[in-house]
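# Structural overview
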Amino acid sequence: MFTKITSYDKIYPYDFWSRRHKNLKTRYLQFNKKDMALAGELIRRGELVAFPTETVYGLGANAFDEQAVKNTYLAKGRPSDNPLIVHIWDKSQVFDIAREVSQDALKVIENVMPAPITIVLPKKDVIGDSITAGLDTVAVRMPLSVQAREFLHSASVPVTAPSANLSGRPSPTTWQRVAEDMDGRISAVLCGDDCAVGIESTVLDLSRDEPVILRPGAVGAKQLSELLGKQVKILTDPNSKVNSPGVRYKHYAPNVPMVLDLSEDATKLAEFYDAKVKEGYHPVLWVRFPERFSGKNVYPMGTKIDDAAHGLYEHMRILERTYDFIIASVCPSDEGLGVGVLDKLVRASGHNLI
Ligand code: TXA
Ligand code: MG
């Protein structure tokens with residue numbers, strides 16, 4: 001009997017987690033002095049606290065408390081071989097965490113941070129293996145969001161934070177979405193602003209000779225190349241099916257079929273839509289210019305790339321509930337947020353380009 005439960009827990013670690021924490025009552029905290037002090041205290045005590053950032057909501061734990069870090073994986077049901085980002089509120093903290101800070105890293109720290117960017121540097125021993133999944137490097141991020149930095153300051157320790165969703169769900173960009181996934185599983189949610197950017201930070205590896213973007217986000221390759229005076233490559237090519245390290249981990253895909261078009265050709269899209277209706281689907285066109293399609297189910301993606309990014313995960317949660325086939329369309333951009341949005345859409349569609 002005991003063996004049976006153990007193997008079940010291995011398959012569904014978060015169910016194990018919620019059975020263990022049956023009576024956990026999640027507190028919903030506001031941005032006032034008292035609640036902020038409590039949020040910081042909870043972190044120092046080893047509890048999990050979700051908090052807003054400019055990219056997505058994070059699930060915070062004390063980076064110096066190994067059990068707290070491990071609990072993050074359990075509460076999310078996330079594989080523990082995907083390393084976590086350490087969040088800081090002051091630039092000087094980089095030197096507490098990183099063993100070596102290269103000239104390139106100094107430039108990024110001085111000129112770009114705080115921003116929706118994470119830099120990967122050789123780690124110091126204070127950063128445990130449960131954070132880095134055994135790697136010799138650590139990912140560091142100083143959020144642009146003032147609310148995030150106030151919370152981190154209140155915690156007064158570096159804070160690990162993956163996105164505050166259950167593994168397999170879209171990243172939350174409002175505290176209400178955090179509540180949907182994490183209520184009863186974590187100690188507190190800091191109810192702050194909706195996330196301005198809407199997709200995760202750019203991950204820039206500065207631990208090797210050549211700077212490489214491991215995950216595209218709002219801070220683009222062009223901006224970084226100009227700053228560093230050398231070419232900054234993007235490792236994940238959204239049009240390639242090659243299994244680059246960033247693609248190793250399952251990324252959110254809606255629970256209904258989704259295809260992606262990169263032409264924004266209204267005639268082609270309308271024909272594809274009609275074919276799906278004939279097949280018996282109740283499809284939706286998720287497009288930047290919905291007015292081009294009369295008499296069809298449409299959902300606006302936002303004409304500007306900022307709007308598309310801002311609503312991306314929220315729209316996926318809405319669309320999969322309402323329709324049974326998503327036809328997404330976006331004109332690919334090769335800079336900044338455009339690359340990030342395209343990357344998420346290509347993955348969400350399971351590389352099903354039409
Ligand atoms: O915008 C963000 O970065 C959000 C908010 C909460 O700050 N956090 C976030 O965390 O997206 P997460 O856990 O979903 O993504 C962490 C990313 C993963 O792609 C992981 O592989 C990469 O950072 N990463 C972490 N440590 C790394 C390391 N030492 N070397 C290479 N990649 C690393
Ligand atoms: Mg995530």
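A brief report on the enclosed structure follows.

Calculation rules
- Residues numbered from 1 in each chain as written.
- Chains lettered and ligands numbered in written order.
- Predicted model: local features only at pLDDT ≥ 70, side-chain atom pairs only at ≥ 80, totals over all residues.
- Heavy atoms only, no water.
- Salt bridge = Lys/Arg side-chain N within 4 Å of Asp/Glu carboxyl O.
- Helix = DSSP H or I, 4+ residues; strand = E, 2+ residues; numbered from the N terminus.
- Buried < 20%, exposed > 50% of the residue type's maximum accessible area, 1.4 Å probe, protein only.
- Phe/Tyr/Trp six-rings, centres within 6.5 Å; stacked < 30°, edge-to-face > 60°.
- Axes fitted to C-alpha atoms, helices over the stretch in contact; angles between N-to-C directions.
- Parallel < 35°, antiparallel > 145°, perpendicular 65-115°, else oblique.
- Left-handed = near helix turned anticlockwise from the far one by under 90°.
- Contact = heavy atoms within 4.5 Å.
- Nonpolar A, V, L, I, M, F, W, Y, C, P; charged D, E, K, R; others polar.
- Pairing = 2+ DSSP bridges.

### Focus on the pattern of salt bridges
Following the criterion strictly, the structure yields 18 salt bridges and no others. Here Arg141 ties to Glu54 by a salt bridge, and the two come within 2.9 Å at their closest N and O atoms. Placement of Arg141 in strand β6 (residues 137–141) and of Glu54 in the loop between β2 (49–51) and β3 (58–62) is noted, with a sequence separation of 87 residues between them. By relative accessible area, which is 2% here, Arg141 ends up buried. Given a relative accessible area of 6%, Glu54 falls into the buried group. With its nearest N and O atoms 3.1 Å apart, the salt bridge here joins Arg317 to Glu180. You can see Arg317 sitting in helix α12 (residues 305–322) and its partner Glu180 sitting in helix α9 (residues 175–182), a full 137 residues away along the chain.

### Describing the packing of aromatic side chains
In total, this model carries four aromatic pairs according to the counting rule given. A ring pair is formed by Phe272 and Phe325, whose centres lie 6.2 Å apart and whose planes are at 50°; its orientation type is tilted. On the criterion of sequence distance, the pair formed by Phe272 in helix α11 (residues 266–278) and Phe325 in strand β15 (residues 325–329) is long-range, its members being 53 residues apart. For Phe272, a relative accessible area of 22% gives the class partly exposed.

### Examining the packing of helix α3 (residues 33–44) against helix α8 (residues 146–155)
Packing of α3 against α8 leaves a shortest axis separation of 7 Å and a crossing angle of 55°. Here α3 lies oblique to α8, going by the angle between them. Judged by the twist between their axes, the crossing of α3 over α8 is right-handed. Here Met36, Ala37, Ala39, Gly40, Ile43 and Arg44 of α3 come into contact with α8, specifically with Gln147, Glu150, Phe151, Ser154 and Ala155. Taken together, the residues that form the contact of α3 with α8 break down as six nonpolar, three polar and two charged.

### Quick look at the packing of helix α6 (residues 103–111) against helix α10 (residues 221–228)
Where α6 contacts α10, the two axes come as close as 10 Å, and the packing angle between them is 115°. The hand of the α6/α10 crossing is right-handed. From α6, Asp104, Lys107, Val108 and Asn111 reach across to α10, where they touch Leu224, Leu227 and Leu228. Across the contact of α6 with α10, the residue classes tally to four nonpolar, one polar and two charged.

### A look at unusual backbone geometry
Look at the link from Met113 to Pro114: it is a cis peptide, with omega at 0°. Structurally, Pro114 can be placed in the loop between α6 and β5 (117–122). The phi dihedral of Ala133 is positive, around 55°, even though this residue is not glycine. One can find Ala133 in the loop between α7 (129–132) and β6. With phi around 55°, Glu264 is a residue other than glycine that occupies positive phi space. As for its position among the elements, Glu264 is in the loop between β12 (258–261) and α11. Owing to a relative accessible area of 14%, Glu264 belongs among the buried residues under this scheme.

### Side note on the side chain of Ser130
Structurally, the position occupied by Ser130 is in helix α7. Not counting residues within four places of it along the chain, the set of residues in contact with Ser130 comprises Glu66, Val69, Lys70 and Tyr73.

### Quick word on the sheet that holds β12
Strand order in the open sheet formed by four strands is β12-β15-β13-β14, and the pairing between neighbours is parallel. Edge positions in the open sheet fall to β12 and β14 (298–300), since each of these has one partner strand only. Within the sheet, the average angular offset between the axes of one strand and its neighbour, ignoring direction, is 20°. When β12 meets β15, the two strands line up parallel, connected through four bridges. In the sheet register, Asp261 faces β15, and the bridge partner there is Ser329. Against the sheet, helix α13 (residues 337–348) touches β12 and β13 (283–287), its axis set at about 140° to β12.

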